[in-house]
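For reference, the chains in residue letters:
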Number of protein chains: 2
Amino acid sequence: MPHSGQLGDVSPQRMAFAQPLRLRSGLELRDYEMVYETYGELNAARSNAVLVCHALNASHHVAGTYAGQDKSEGWWDNLIGPGKPLDTSKFFVIGINNLGSCFGSTGPRDINPATNKVYGADFPVVTVQDWVDAQARVLDELGITQLAAVLGGSLGGMQALDWALRYPERLRHCIAIATAPALSAQNIAFNEVARRAIITDPDFHGGHYAEHGAIPKRGLRVARMIGHITYLSDDAMEQKFGREMRAAELGYTTQDIEFQIESYLRHQGDKFSDYFDANTYLLITRALDYFDPAREFGGDLSRAFASARCKFLLASFTTDWRFSPARSREIVKALLDNKLDVSYAEIDAPHGHDAFLLEDPRYHGVLRAYFTRIAGEAA
Amino acid sequence: MPHSGQLGDVSPQRMAFAQPLRLRSGLELRDYEMVYETYGELNAARSNAVLVCHALNASHHVAGTYAGQDKSEGWWDNLIGPGKPLDTSKFFVIGINNLGSCFGSTGPRDINPATNKVYGADFPVVTVQDWVDAQARVLDELGITQLAAVLGGSLGGMQALDWALRYPERLRHCIAIATAPALSAQNIAFNEVARRAIITDPDFHGGHYAEHGAIPKRGLRVARMIGHITYLSDDAMEQKFGREMRAAELGYTTQDIEFQIESYLRHQGDKFSDYFDANTYLLITRALDYFDPAREFGGDLSRAFASARCKFLLASFTTDWRFSPARSREIVKALLDNKLDVSYAEIDAPHGHDAFLLEDPRYHGVLRAYFTRIAGEAA
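Residues numbered from 1 in each chain as written. Chains lettered and ligands numbered in written order. Predicted model: local features only at pLDDT ≥ 70, side-chain atom pairs only at ≥ 80, totals over all residues. Heavy atoms only, no water.

### Re the nonpolar core
Move 1: Core analysis: the biggest nonpolar cluster contains 194 residues, and A:Phe312 and B:Phe312 have the highest contact counts within it.
Move 2: Excluding residues within four positions of it along the chain, A:Phe312 makes contact with A:Leu161, A:Ala164, A:Cys174, A:Phe305, A:Leu335, A:Leu340, A:Asp341, A:Val342, A:Ser343 and A:Tyr370.
Move 3: By size, the runner-up hydrophobic cluster in this structure holds 35 residues, among which are B:Phe91, B:Ala315, B:Ala355 and B:Ile374. (Core = buried A, V, L, I, M, F, W, Y, C linked by side-chain atoms within 4.5 Å. Buried < 20%, exposed > 50% of the residue type's maximum accessible area, 1.4 Å probe, protein only. Contact = heavy atoms within 4.5 Å.)

### Some points on the relation of the copies chain B and chain A
The pair of chain copies shares a relation made of a rotation about an axis and a shift along it.
Move 1: When chain B is fitted to chain A, the best match, at an RMSD of 0.0 Å, comes from turning it 180 degrees and sliding it 0.0 Å along the axis. Considering both components of the superposition, the chain copies are consistent with a two-fold axis.
Move 2: The overlap is high: 100% of the interface residues of chain B also sit at the interface in chain A, so the same surface is used on both sides. (Least-squares fit on C-alpha atoms with pLDDT ≥ 70 in both.)

### Thoughts on the side chain of B:Lys84
Residues and elements named next belong to chain B.
Move 1: Its location among the elements puts Lys 84 in the loop between strand E6 (80-81) and strand E7 (86-87).
Move 2: There is a polar contact of 2.6 Å between the side chain of Lys 84 and the backbone oxygen of Asp 77.
Move 3: Apart from residues no more than four positions distant in its own chain, Lys 84 is found in contact with Gly 5, Gln 6, Asp 77, Asn 78, Leu 79 and Arg 368. (Helix = DSSP H or I, 4+ residues; strand = E, 2+ residues; numbered from the N terminus. Polar contact = N/O pair within 3.5 Å; in protein donor to acceptor, adjacent residues only side chain to side chain.)

### So, the pattern of salt bridges
Move 1: Per the stated rule, a full pass over the model turns up 50 salt bridges over all chains.
Move 2: Put simply, A:Arg266 and B:Glu192 hold a salt bridge, and the shortest N to O gap is 2.8 Å. Of this pair, A:Arg266 sits in helix H6 (residues 260-275) while B:Glu192 sits in helix H3 (residues 185-199), which puts the two residues in different chains.
Move 3: The exposure class of A:Arg266 is buried, given its relative accessible area of 16%.
Move 4: The exposure class of B:Glu192 is buried, given its relative accessible area of 1%. (Salt bridge = Lys/Arg side-chain N within 4 Å of Asp/Glu carboxyl O.)

### With respect to the UniProt feature "domain: AB hydrolase-1" (unreviewed entry) in chain A
Move 1: Per the UniProt annotation, the sites labelled "domain: AB hydrolase-1" (unreviewed entry) are residues 48-359 of chain A.
Move 2: Between the end C-alpha atoms of residues 48-359 of chain A there is a gap of 24 Å, over a span that is 35% helix and 13% strand. (UniProt positions renumbered as here; feature names shortened; annotations may be inferred.)

### Details of the UniProt feature "site: Important for acyl-CoA specificity" (unreviewed entry) in chain A
Residue and element names in this part refer to chain A.
Move 1: Under the feature "site: Important for acyl-CoA specificity" (unreviewed entry), the UniProt entry names Arg 322.
Move 2: Among the secondary structure elements, Arg 322 is positioned in the loop between strand E13 (311-317) and helix H9 (325-337).
Move 3: You can call Arg 322 buried: its relative accessible area is 14%.
Move 4: Contacts of Arg 322, omitting those with residues within four sequence positions, involve Asn 187, Asn 191, Thr 230, Tyr 231, Leu 288 and His 353.

### Description of the pairing of strand E5 (residues 49-53) of chain B
All names here are of chain B.
Move 1: Across the 5 residues that make up E5, a large majority, 5, are buried.
Move 2: By the alternation rule, side chains of E5 split into Ala 49, Leu 51 and Cys 53 and Val 50 and Val 52, which are all buried.
Move 3: Sheet analysis places E5 next to strand E11 (residues 149-153), joined by 4 bridges and oriented parallel. Residue pairing for E11: Val 50 is matched across the bridge by Ala 149. (Pairing = 2+ DSSP bridges.)

### So, the pairing of strand E12 (residues 173-177) of chain B
All names here are of chain B.
Move 1: Counted residue by residue, E12 has 5 buried out of 5 residues, so it is predominantly covered.
Move 2: Neither face of E12 is left uncovered, since the one carrying His 173, Ile 175 and Ile 177 and the one carrying Cys 174 and Ala 176 both have all their residues buried.
Move 3: Across 4 bridges, the pairing between E11 and E12 is parallel. Residue Leu 151 lies in a different strand from E12, and its bridge partner there is Ile 175.

### As for the confidence of the model for chain A
Move 1: Residue-level pLDDT values for chain A average 97, and 98% of them are 70 or greater.
Move 2: Model confidence for the complex is summarised by a pTM of 0.96, with the ipTM given as 0.95. (pLDDT = per-residue confidence, 0-100.)

### Topic: the interface of chain B and chain A
Move 1: With 60 residues of chain B at the interface, the matching set in chain A holds 60 residues.
Move 2: Carbon and sulfur atoms make up 62% of the surface buried where chain B meets chain A, a total of about 5100 Å² over both sides.
Move 3: The three residues of chain B that bury the most area against chain A are B:Arg243, B:Tyr252 and B:Thr254, which together make up 15% of that side's buried surface.
Move 4: Between A:Glu262 and B:Arg286 there is a salt bridge whose closest N-O contact spans 2.7 Å.
Move 5: Here chain B is connected to chain A by 32 residue pairs in polar contact (both at pLDDT 80 or more).
Move 6: Of all elements in the fold, only H3, helix H4 (217-231), helix H5 (234-240), helix H6 (260-275) and helix H7 (278-290) of chain B reach the threshold of two or more residues within the side of chain B that touches chain A.
Move 7: Of the residues forming the side of chain B that touches chain A, the biggest block, 11 residues, is contributed by H3(B).
Move 8: The residue makeup of the side of chain B that touches chain A, split by class, is 32 nonpolar, 12 polar and 16 charged. (Buried area = accessible area lost by both parts, 1.4 Å probe. Nonpolar A, V, L, I, M, F, W, Y, C, P; charged D, E, K, R; others polar.)

### Description of the packing of aromatic side chains
Residue and element names in this part refer to chain A.
Move 1: Enumeration over the complete set of coordinates arrives at 41 aromatic pairs over all chains.
Move 2: For the pair Tyr 119 and Phe 123, a centre-to-centre distance of 4.9 Å together with 75 degrees between the ring planes defines the contact as edge-to-face. One exposure class covers both Tyr 119 and Phe 123, and it is buried.
Move 3: Joined through ring pairs, the aromatic side chains of Phe 103, Phe 272, Tyr 275, Phe 276 and Tyr 281 make up one cluster.
Move 4: For Arg 322, the ring lying beneath its charged end belongs to Phe 323, and the centroid distance is 5.7 Å. (Phe/Tyr/Trp six-rings, centres within 6.5 Å; stacked < 30°, edge-to-face > 60°. Lys NZ or Arg CZ within 6 Å of the ring centre and 35° of its normal.)

### Some remarks on the environment of A:Ile331
All names here are of chain A.
Move 1: Inspection of the secondary structure puts Ile 331 in helix H9.
Move 2: Placed 26 residues apart in sequence, Ile 331 and Phe 305 show a C-alpha to C-alpha distance of 8.9 Å.
Move 3: Those residues in contact with Ile 331 that lie beyond four places of it in its chain are Leu 161, Thr 179, Ala 180, Pro 181, Leu 301, Phe 305 and Leu 314.

### Structural notes on the sheet that holds strand E14 (residues 342-347) of chain A
Residues and elements named next belong to chain A.
Move 1: If you walk across this open sheet you meet the 8 strands as E1-E4-E8-E5-E11-E12-E13-E14, and the pairing is mixed. Here the strands that pair on one side only, and so sit at the sheet edges, are strand E1 (13-17) and E14. Between one strand and the next, the sheet's axes are offset by a mean angle of 20 degrees, whatever the strand orientation.
Move 2: Here strand E4 (residues 32-39) runs beside strand E8 (residues 92-96); their pairing, made up of 4 bridges, is antiparallel. Note that in E8 the partner of Glu 37 across the bridge is Gly 95.
Move 3: Packed on one face of the sheet, helix H2 (residues 155-166) meets strand E5 (49-53), strand E11 (149-153), strand E12 (173-177) and E13 and runs near 150 degrees to E11.
Move 4: Against the sheet, helix H10 (residues 361-376) contacts E5, E11, E12, E13 and E14, and its axis sits at roughly 170 degrees relative to E12. (Axes fitted to C-alpha atoms, helices over the stretch in contact; angles between N-to-C directions.)

Structural data, given as structure tokens:
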């Protein structure tokens, strides 16, 4: 028996699609599969479903554990479960792994039916819109016409926004946390450096490293280290590591570790390079770069949101310098310009962008209150 | 004839040292050479000398041009010359290339007298203090007992502070711009990612790439790209590049350039990898990491500055997130705790850390006024 408040063990499910998916690039993805998980029960009216969209290093495994696996909690397990802010005794929660991922849904590590070889760099470039279209098809198969809410943080928040823009009748609430209406030049710059580290790794082989029995681990390590710096606030890093040395005396070395922050970053890079796929990293960072709903409207975000019909909750964190509160406020302004129902919480949290994944009482309080409101509304 | 306000052509000079230099690491550097330039005239009292200390990608070539070379202006030529804020008709200005550099003074590309092979990774780790000690020897040879001022920005500012702490009788003014009393965890983290990109480049060969006829250009490119992001403010990057695309239509590519910011960063990385030495990059970033005058005083910066006797000008820039104004204010507080004479200017400039190299009228106005004050004081 799972503890009260815990989902207990969960299992991923798989759905195959014979109908090709037309992508934004003009290409089609054939014979693809989507992996997903669900928690809680879909009610008779099919009106209590909440879709949770994932960000870069995450998947369909949003909550619960895998039987017999230690530390297998889903990436948002602190938020989702019976009695938790997103209460699975009230809501039917769905996590879907995005196309191009390395965690189950069809991606660059899979076989390209056109060549019978691993896709590698030939996997088509996917966008936030493509992901949302693919998610919509999964929901069609599950018989869910309208979602109570779509919820996501960071890149997941962009997917939630895209749902609101392009499938306005299919959701009642959009909850977008620590996100932005489009990457800034600095955001793109960090993505590009990470990509160059991967692409210029001699083990990358133009993205066809699988054929060469190689893995561009050096590039993945550097990419992950860069990412980690941008996920944490300057202050959080200072609190956690400061200038703490590994040894009492300086070692006068440029190649060995002197400071604990170096040790931490190298460890994060090593772990990541053991499991993450390099082509997936390129695809996901590019999907981030491309997301820009205002682009089709001459840069006018308010016009972009004219199609939205649902209610919105936006949340940001004061120390998030990757997607700062100012970026969320741009979205809030565009929503208000359209006289939409919008709640906005700017949460004073020290952890930087990572805060959206952490259990901060004020943050979770905001989400709990909002989901209580949703649960109380008639569908 | 040079234009009024311009120094015209200048020439580097070279000074050899037979006496070994004892380094902070305990090692000694033997038979080394220092390259330097001077502008203006040393007065009869030998009291008008100003030492300019350089940062990461700079050298002794601070101002003026090289005969017959286009675009050969020194890196701080906008500040230094006849009639400029640091007026060479009043001051004798000295630029010295630091040890470990790849621009002239003895460094990793030179021959190790102990092995008769290129130093490479065997060049000893040098610190800000070692640089200052080596600069002091050059001044001894030039017959300069006391400097009117030591001036530096960023890492150059750290050298100016170290002069004030350890050679208190040898300078009357310390001018430290856009600097910090020690790197933060985030600063060290960026340095470490850049170093890992270089060290894990297969062409690095443990730092002995010269013996292998190789250059770790991939690593140098990534290191420079990371550096550039931290030199510019988020806003400056947004103003200059924003989300500007290279082509009118999206190319749906992860490996080719889509955004102008990508093109800019790649270009900066390419240029840098053509001339900068990888071992020098490691040495200089490590010298930055190690600088921490408070360390010997239990982390108490005020106690560290108890030895200082000179007057101080500190300046910082509002959009500098690498060495933010808060870091300069830490120094100002420590100086005031010691009842030292300190002026501080926090300049509202949009350019981020790079602002210290640019010609901002308010910034240059502050420096002009301060040097006018110095020129008016009796030595």
